[in-house]
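Take a look at the letters that make up each chain.
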Amino acid sequence: MLGPEDLSFEGMARIMSEVLGRPVRFQYVPVESFRDTLTRRRMSEAMAQGMADMVTAKDRGLDNAEPRTPAATTPTTFRQ
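As the structure is a prediction and not an experimental result, all values here were calculated from the model.

(A) Broad picture of the overall build of the protein chain. Helix and strand counts for the protein chain stand at three helices and zero strands. Taken from N to C terminus, the helices and strands of the protein chain fall in the order α-α-α. In terms of overall dimensions, the protein chain is more spread out than a globule: its C-alpha atoms have a radius of gyration of 16 Å, far above the 12 Å expected for 80 residues. Residue burial in the protein chain is summarised as follows: out of 80 residues, 12% are buried. Long-range contacts, defined as pairs at least 24 residues apart, comprise 60% of the intrachain contacts of the protein chain with a sequence gap of at least 6. About 6400 Å² of surface is accessible on the protein chain, with carbon and sulfur atoms providing 56% of the total. In the protein chain, 11 side chains carry a positive charge and 11 a negative one; their mean positions are 7 Å apart.

Listed below in structure tokens is the structure:
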């Protein structure tokens with residue numbers, strides 16, 4: 001389900017900052033660093049690779065695969 005607006009990661013961080021009353025920022029992390037951090041924190045190699053693959057797919061537009069339609073859009077905003 002899609003909310004009523006498309007937001008960038010920076011836009012989500014801005015909204016979270018406003019709602020929480022403290023700074024929140026988005027920071028891009030290269031997928032290799034992300035995977036390495038997960039394994040250092042004792043995630044299995046297979047699970048860390050699966051998470052890295054998911055992040056890569058999202059970076060390549062996985063979340064934009066479904067077009068926004070009235071039937072697939074909810075009125076609940078990210079701020080809510």
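(B) Expanded view of a nonpolar patch on the surface. A cluster of nonpolar side chains, namely M16, V19, L20 and F78, defines an oily patch on the protein surface of about 350 Å² accessible area. Within the element layout of this structure, L20 appears in helix α1 (residues 9-20).

(C) Broad picture of the packing of aromatic side chains. Using the criterion set out here, one finds one aromatic pair in the structure. A ring pair is formed by F9 and F26, whose centres lie 4.8 Å apart and whose planes are at 20°; its orientation type is stacked. Taken together, the residues span a long stretch of sequence, with F9 in helix α1 and F26 in the loop between α1 and α2 (31-40) at a distance of 17 residues. You can call F26 partly exposed: its relative accessible area is 35%.

(D) Representation of the pattern of salt bridges. Going through the model one piece at a time under the given rule, you end up with four salt bridges. The salt bridge involving D6 is made with R68; its shortest N-O contact spans 2.4 Å. Of the two residues, D6 sits in the segment before α1 while R68 sits in the segment after α3 (45-59), which places them 62 residues apart along the sequence. By relative accessible area, D6 is classed as exposed at 66%. Since its relative accessible area comes to 34%, R68 is described here as partly exposed. For R79, the salt bridge identified is with E18, shortest N-O distance 2.5 Å. One end of the pair, R79, is in the segment after α3; the other, E18, is in helix α1, with 61 residues separating them in the sequence. For R79, a relative accessible area of 42% puts it in the partly exposed group. Each of R14, E18 and R79 takes part in one network of salt bridges that share partners.

Reading the values: rules and limits
Residues numbered from 1 in each chain as written. Predicted model: local features only at pLDDT ≥ 70, side-chain atom pairs only at ≥ 80, totals over all residues. Heavy atoms only, no water. Helix = DSSP H or I, 4+ residues; strand = E, 2+ residues; numbered from the N terminus. Rg over C-alpha atoms; globule rule 2.2 N^0.38 Å. Buried < 20%, exposed > 50% of the residue type's maximum accessible area, 1.4 Å probe, protein only. Contact = heavy atoms within 4.5 Å. Areas by Shrake-Rupley, 256 points an atom, 1.4 Å probe, with all protein chains shown as cover. Lys, Arg positive; Asp, Glu negative; His and termini not counted. Charge placed at Lys NZ, Arg CZ, Asp CG, Glu CD. Patch = residues over 30% accessible without salt bridge, like charges linked within 9 Å, V, L, I, M, F, W, Y side chains within 5 Å. Salt bridge = Lys/Arg side-chain N within 4 Å of Asp/Glu carboxyl O. Phe/Tyr/Trp six-rings, centres within 6.5 Å; stacked < 30°, edge-to-face > 60°.

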